Structures are given as C-alpha cells and as structure tokens.
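Analysis of the macromolecular model
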Amino acid sequence: MITKYVYGDPLDTGAITAKVERAARVEHFAVEEGADTISFSCPLGPEDIVYGLGETMGKVNKRGGRYISFNTDTAEHEDSNPSLYASHNFLIAEGAACFGVFFDTPARVTFEIDWQGSGEIRVVCDTKDLNLYQIENGSAYAVCRDLLRAVGRCYLPPLWAFGYGQSRFGYMKEQDFREVADLHEKNGLPLDFICMDIDYMDQYRDFSFDPKRFPDIEGLVRELKERGIHLVPIVDAGVKVEPGEAVYEEGVAKGYFCRNKEGGCFGAAVWPGMTHFPDFLNRKAREWFGRQYRFYTEKGIEGFWNDMNEPAIFYSEYDKGTKRLGMLLELLGNMLFKKGQKEKKKQELVRNYQSFFHDADGRRVRHYDVHNLFGAMMTRASGEGLERLLGHRYLLFSRSSYIGAGRYGGVWTGDNTSKWEHLMLNVRHMPSLNMCGFLYSGADTGGFIGDCGRELLLRWLAFSVFTPLMRNHSCKGTKNQEAYQFGDPAAFRTIIRLRYRLLPYIYSEYMKAALTSDLYIKPVAFLYPEAKGIEDQLLVGDSLMIAPIVREGEVQRQVFLPEEMTMVIYDGEFRCSPCPAGWRTVHAELDEAVFFIRKNKLLPVGKVISNTREYDVENLALLGDGRTYELYTDDGLSLDCTTANIRTLVKEEC
Ligand code: GLC
C-alpha cells in the first residue's frame, strides 16, 4: 500500500506515475519543520536493516552511514564521500516494522542511518516542498516492488544491449574501432558493442564526428553492424558555445538553454570549453534535445551513453580566473593543499548551481533547488527522442540519475578505480540500484582509473557476466584493458562466452522483471531471511544465486546456502553437482566461474555464439532440478514486449 503526504508546493519530478492516495499523516517518523528544511527521524531497533538509496557508498545495509543526495562528478568512491552521481531517495526499513519511504524532492537531502551509533534514521530535506511517499508491506522485497509498480514500467533495452561491450577513453579514429572488433574476433571473444568516447567528436562537440579521424562514419557503422557489432557514442550534457553551429544557434534562438542571473544563457566549461546546458526541465527543450539524436540515428546508430549530466562544471562564467591557466593553477593547488582546495571547489560548485535557472514549464526555478533531477531529465529527453526516432528499442545508459529515470534508460556507476574494493562496491550497488528501479545497470568492468591486472579483470568479468550492462571501460593513460591484452586470452574467452551461454536466462529474467515490476538482482535475504546480513552473495533472476570471488589471490571462498542447491562450475562446460544447505567452501580458478541454481528451479543455457546476432533459443539445455522454466522470447528489438511473449519450457525426465 502506497500513500503520499505533501509538504508545500513541490515540483512534479515525474518519478511516480501511478495515482497515489493522499495520507492523513506521516507514519513512523517524527517531523520537524525548520526555516528552510524539513527533518524526519525514526528510531531503529538494534537488528533492523535499512536498505535502499541506490547508488551510494557503504554497504547494502545502509546502517552506520551518512549519505547526501547531491549529484556530483566524483572519482572518489570512498566511504568518506557522501555523494556520488545519483540521487535515489528511497529507503526501506525492515525489522520490528517494515516500511519504505521515498523523499521525492530534487533538492539536497541528507540521510544519517544509525550514523555514529545514533540508533535512528535521520533525514534532512533542504526544501519546504516535498512529496513524501510511504509504503507499508510485509517485507522489504514487497515494499520495493510496490515502489517499482508506482514508478512505472522499467526501461526495456534491445537484446544486443545484453551482449558484451568494449569501451575506452582514447579510441581516436575509425581504425581503432575496427581493430577492437578484429581482435575480439581473432581471439574468439564475443562482442556486441563498442562505445565511442568523446574522442569521436569534433572539438568535443555533441552531434559531431571529427571529419579527419572519422571520414566515413556511416560506412564504419554499416561495416561493424554487418559483423553484429553496434557503435555506441557518448553524449555530454553541455552544448558547445559555437556561433554558426546549428544546434547551438537553435538552442539560443528558441531559449532552450538554462539562464544565468542576468537572463542570458548560462556558460559553464566542460570538455569542449564553454557550453550551455539544455533546460531538461522544460518539455519543449527536452523534445528539441531528443530530436538532435537524429544526427546519429540517421547514420544507423541505436545506442548511447549520456555523461557529465550531474551536471559537471569545470568552471563557469562566474568563476574568477575562468581561463585554462586558472584550471591548471587549481590542479596544482589541489595537489599541494588537497583538502582545503576540495572544500573550495565544492563551494564554488554550489555557487555555480545557485547562479542559473530553469523554466520548468512556466515555473522559474533555481538550478540548485532542482539539481538532482538534471541528469534524469536528460535521460528522459534522450529516451523519448530515441523511441520517436527509431520506433524500436534503443540502448541508453546515463551517469547521473534520479528515481523514475529507470523508465527511459539504465545507469553505469561512473569513474571507479581498478581495485578490488571497487569490484565489491559493484556487487553492493547492483541490488540497491534494482531496489530503486534501475535494472539495466553495471560498473566499468575492470575499473576506469588506474591499471587493471589480469586477475582483477577476470574476477570482475566473472561478476559482470550477471549484470545487465557488461562493459569493459577504462581511462586514457591507463594500461590497455581489452580482454586480449593479457597474454593467453583463453580464460577471458571462457568467462565472456559464459555470458553468451547464459543470455537466454539473463534476457528472460530481465524482461520478466521489467514487465512485472520486479527486481532482476536482489539480496539473498529477500527470499531467504536466514541469509540476513550476507551482502557478497546475490540472487540473479528467479533461478540463480551467485557468490563472486572479490578478493585478490583467492581461488576459493565461503558460501552460505540457505537450502540445497545445484552448484555449477563453468570451465567451458557446465559441471553441475548437488550442494547441501549450510556454509560451504567453493573453489574457482581464474578461468572458471561458480554459481548456484536454486532448488526446484531451472537454468536455460545456449550454445557458444560470437554475438547476439546468432542468438538462438530453439536448442537450449535446461540445468537444475526444476520441472519448468518460463522463457521470455521476442525479436529483441520491437516495442511490443508483453508477458504474452513468455513460453513454458518443460524439462524432460531423464
Ligand atoms: C567521464 C566519464 C568517463 C569518460 C570520460 C571522458 O569521466 O565518466 O566514463 O570516459 O568522462 O568522456
């Protein structure tokens, strides 16, 4: 049961699409109204678990942490950092009582969950206008599903979006993309898409290809598509200030950019130098921005990643020393006086966010007060535009997000580092993102910053096999990280091929979850209360439990089986054996993956294929001790996705 309590005159964020009854009062929380804030506090029992908050640091159980919803371009994925790229203000308490609350405001919100042992949840919203959604149900799992139902149908990617993707900041020219495709093929590594980072652009300008380095982009798109590989360009939020350029000129003429204090277009420097931000909170500006993707779709492109949409600002027209020299000095200062500089930079960002404005369909709002909605509305603009342009499904994932954006696209979790802690962070993010309606998600596999070694990449891939977005991405200047860069590629081949053999399951489970407001990845305790507190094992779809190896140098780990399951070790073949309930030690070499099929469940597996063009569901093997499996199948592209596309497979008795 979901109800809503309204404070003041909140902006409609579009997060909730269901019609929700008004509540007479706020349950569970004591409420305190300050001059510019509304605060909520609620005592916690010592055993209560608090789930949710999507993309935040900390564990799956958010107790002990302080998290601030304030979308930030940050590579500091450390527990001391309260704000990442997204704001997912939904938390679920499970214990003596079980309820969920969604603080639906795009303003800054601070969550202290048993912070420093306070024994309470304390939430401070920096606004007087707020829609507060409260959900009462019997379990955390049921509460999450109520939220997903109220948000509305989740984004449905095309089948090829579930293939393996290769990406790198630093692929400079057409030949680089051919080479990536060739080397995957040559090494027997399946591949469905290659991401194009900002280097494809002409001076980092959205909706452009550098004419010298990409003389025949249509030809390249066609050639790779014929091989079953899609090109996926990045699109940044800021439109380069470039008099004479059509997109820039039209945006200015029609008033589609955010305004500065003086009423002109707000200038903020990002990769291309000075840019203007499209006013994504304005319906007409959204439609206009969405139409611009035609530049790509008419070249045969059907997938995108949206970036820098917190929005990131390197410096603005209001900053002193706005020129590049200023930036250099600042970088130097950062290194010398790290802490003070960081604080200064933060304050400068806040000042910038306070100095531009949106026309939210007739209502003038200061960016700072709606900050957390910007990236989500960019996703909406692109998603709606792409659906109109293509008339079929598209691939789209974004760095910044807010609840509700999961209807239009997925997310990736930004600039992580090639270290084991960030593989674990990826494991923790997945269930929390699912709880907030972001089913299509994943991290930069192998890590973005720093050099990734063979062992870390193999273990990370073995986890990413199960995340809907499986993309290897790394930063310029780091060691090359493609799966063929580590000597003998045999182990990489085994793991990436496993993804493809599991595709009938992964695609089915994703589509069924998306169509029925379910989670694709969830904590084990959502189905087995006795697994309470276990965070390094996850349920993936209805049949599988995974227990990834996330520590350096380890080839075995302890796994808790809440009931008897079928253990599967994949080394090129699926080796199944029954595994009794309880704590077990499982072993997996670097060229192996281990996972479990739940009791009375089945896992459909296919043959080795080189990409989803060869996807075949007619010759599946069914592993596990269940009797039937509900397989979702369709053409992988059209918008006609319903549960009518599910058919029952029956396992023949041996
Ligand atoms: C940002 C993105 C990263 C990308 C880079 C260059 O840091 O998060 O993925 O490679 O910008 O576009």
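The structure reproduced in this document is the subject of the present report. (Residues numbered from 1 in each chain as written. Predicted model: local features only at pLDDT ≥ 70, side-chain atom pairs only at ≥ 80, totals over all residues. Heavy atoms only, no water.)

1. Thoughts on the overall build of the chain
Convention followed: In this description a helix means any DSSP run of H or I spanning at least four residues, a strand means any run of E spanning at least two, and both kinds are numbered starting from the N terminus. Both definitions apply: the radius of gyration is a C-alpha atom measure, and the globule rule equals 2.2 Å times residues to the power 0.38. Note on exposure labels: buried denotes an accessible area under 20% of the residue type's maximum, exposed denotes more than 50%, and partly exposed covers the range between, all computed with a 1.4 Å probe on protein chains only. The contact criterion used is simple: two residues touch if any of their non-hydrogen atoms lie within 4.5 Å. To measure how exposed things are, a 1.4 Å probe is used in the Shrake-Rupley method; for residues, cover is taken only from the protein chains shown. Positive charges come from Lys and Arg alone, negative charges from Asp and Glu alone, with His and the N- and C-terminal ends not counted. Charge coordinates come from a single atom per side chain, which is NZ of Lys, CZ of Arg, CG of Asp or CD of Glu.
Looking only at helices and strands, the chain has 14 helices and 41 strands in total. Relative to the 2.2 N^0.38 estimate, which gives 26 Å for 654 residues, the radius of gyration of the chain is 24 Å and therefore close to what a compact globule would have. Seen through its C-alpha atoms, the chain measures out along the principal axes to roughly 75 × 65 × 50 Å. Relative to its full complement of 654 residues, the chain shows a buried share of 63%. A sequence separation of at least 24 residues applies to 72% of the contacts in the chain between residues at least 6 apart. Total accessible area on the chain is roughly 24000 Å²; 49% of this is exposed by carbon and sulfur atoms. For the chain, the centre of its 78 positive side-chain charges and the centre of its 92 negative side-chain charges are spaced 2 Å apart.

2. Re the site of the ligand
Test applied: If a single non-hydrogen atom of a residue is within 4 Å of a molecule or strand, that residue counts as near it. In protein, a polar contact requires one atom able to donate a hydrogen and another able to accept it; more generally it is a pair of N or O atoms within 3.5 Å, and residues adjacent in sequence count only if both atoms are side-chain atoms. Each residue receives one of three labels: charged for Asp, Glu, Lys and Arg, nonpolar for Ala, Val, Leu, Ile, Met, Phe, Trp, Tyr, Cys and Pro, and polar for the others, Gly being one of them.
With respect to spatial proximity, the complete set of residues near the ligand consists of F169, D197, I198, I234, W271, W305, D307, R399, W412, D415, F448 and H473. Between an oxygen atom of the ligand and a side-chain N or O atom of D197, the distance comes to 2.5 Å. Surface burial for the ligand is 97%, taken as the share of its 310 Å² of free accessible area covered by protein chains. Class assignment of the residues belonging to the shell around the ligand gives a composition of seven nonpolar, one polar and four charged.

3. A word on the environment of R575
When you line up the elements, R575 lands in strand β35 (residues 574–579). The sequence separation of R575 and V594 amounts to 19 residues, and the corresponding C-alpha distance is 9.4 Å. Contact partners of R575, with chain neighbours within four places excluded, come to M567, V568 and I569. Within polar-contact distance, the side chain of R575 engages the side chain of D571 at 2.8 Å.

4. What about helix α11 (residues 420–435)?
Let me state the cut-off plainly: How far a helix is expected to stretch is found by multiplying one less than its residue total by 1.5 Å. Throughout, bend refers to the angle between the axes fitted to the seven residues that end at a position and the seven residues that start at it.
Across its 16 residues, α11 extends 24 Å between first and last C-alpha, which sits within 8% of the 22 Å expected from 1.5 Å per residue. Maximal helix bending in α11 amounts to about 25°, located at H429; proline P431 follows within four positions. Within α11, 14 of the 16 residues are buried, which leaves it mostly tucked inside the rest of the structure. At the exit of α11 stands G437, carrying a positive phi of roughly 90°.

5. Description of the nonpolar core
We apply this condition: In this description, a nonpolar core means a group of buried Ala, Val, Leu, Ile, Met, Phe, Trp, Tyr and Cys residues linked to one another through side-chain atoms lying within 4.5 Å.
If you look at the biggest cluster of nonpolar residues, it comprises 181 residues, and the most contacted ones within it are F90, F289, L502, Y510 and F595. Those residues in contact with L502, other than ones at most four positions away along the chain, are V465, F466, F574, F595, L603 and V605. Membership of the second largest hydrophobic core comes to 23 residues, among which are V26, I38, C42 and L91.

6. Describing the pairing of strand β12 (residues 130–136)
For clarity, the threshold we go by: In short, DSSP must find at least two bridges between two strands for them to pair.
Burial of β12 is extensive: six of the seven residues sit out of reach of the surface. As judged from the six bridges shared by strand β9 (residues 98–104) and β12, these two strands associate in the antiparallel manner. Residue pairing across strands places V101 opposite Q134, the latter belonging to β12.

7. Notes on the pairing of strand β22 (residues 356–360)
Burial analysis of β22 places four of its five residues in the buried class, the great majority of the element. Where β22 lies against strand β23 (residues 363–366), four bridges are found, and the strand directions are antiparallel. Bridge pairing links D359 to R364 in β23.

8. Here we look at the packing of α11 against helix α12 (residues 454–464)
Axis angle and axis distance: for two packed helices, these are the angle between their axes and the distance between the axes, and together they describe the pair. We count it as follows: Note on geometry: axes are lines fitted to C-alpha atoms, helical ones only across the stretch in contact, with angles between N-to-C directions running from 0 to 180 degrees. An angle below 35 degrees is read as roughly parallel, one above 145 as roughly antiparallel, one from 65 to 115 as roughly perpendicular, and any other as oblique.
Contact pair α11 / α12: the axes reach a minimum separation of 10 Å and the direction vectors enclose 5°. Classified by the angle between their axes, α11 and α12 sit roughly parallel to one another. Residues W420, H422, L423, N426, V427 and M430 of α11 form the contact with α12, whose participating residues are E455, L456, R459, W460, F463 and S464. Grouping the constituent residues of the contact of α11 with α12 by class yields seven nonpolar, three polar and two charged.

9. Some thoughts on the environment of E298
Mapped onto the elements, E298 comes out in the loop between α6 (294–297) and β20 (303–307). As for E298 and L53, which are separated by 245 residues in sequence, their C-alpha atoms are 38 Å apart.

10. Here's the deal with the sheet that holds β23
Taken in spatial order, the three strands of this open sheet run β17-β22-β23, and their pairing is antiparallel. Looking at strand neighbours, the two that pair on one side only are β17 (259–260) and β23, the edges of this open sheet. Of the pairings in the sheet, the one linking β17 to β22 comprises two bridges and is antiparallel in character. Residue pairing for β22: N260 is matched across the bridge by F356.

11. Describing the side chain of K62
Under the convention used in this document: We define a salt bridge as a side-chain nitrogen of Lys or Arg found within 4 Å of a carboxyl oxygen belonging to Asp or Glu.
Tracing the backbone shows K62 in the loop between β5 (49–52) and β6 (65–69). Comment: no salt bridge for buried K62; closest opposite-charge side chain is E535, at 7.6 Å.

12. Details of the packing of helix α5 (residues 283–292) against helix α10 (residues 374–390)
Put simply, the rule reads: Helix crossings are classified by the rotation of the near helix relative to the far one: an anticlockwise turn of less than a right angle makes the crossing left-handed, while a clockwise turn makes it right-handed.
At a closest axis distance of 7 Å, the pairing of α5 and α10 adopts a crossing angle of 55°. With respect to α10, the element α5 is oriented oblique. Remark: the crossing between α5 and α10 carries right-handed chirality. Of α10, the residues touching α5 (which contributes R286, E287, F289, G290 and R291) are M377, M378, R380, A381, E384, G385, R388 and L389.

13. Looking at unusual backbone geometry
Across residues other than glycine, the phi torsion is negative in most instances, and most of the peptide bonds are trans. The residue after E310, namely P311, is reached through a cis peptide bond having omega 0°. A positive phi angle, close to 50°, is found at D114, a residue other than glycine. Here D114 lies in the loop between β10 (109–113) and β11 (120–125). A positive phi angle, close to 60°, is found at F207, a residue other than glycine. Relative to the helices and strands, F207 resides in the loop between β14 (193–196) and α3 (217–226). The exposure class of F207 is buried, given its relative accessible area of 7%.

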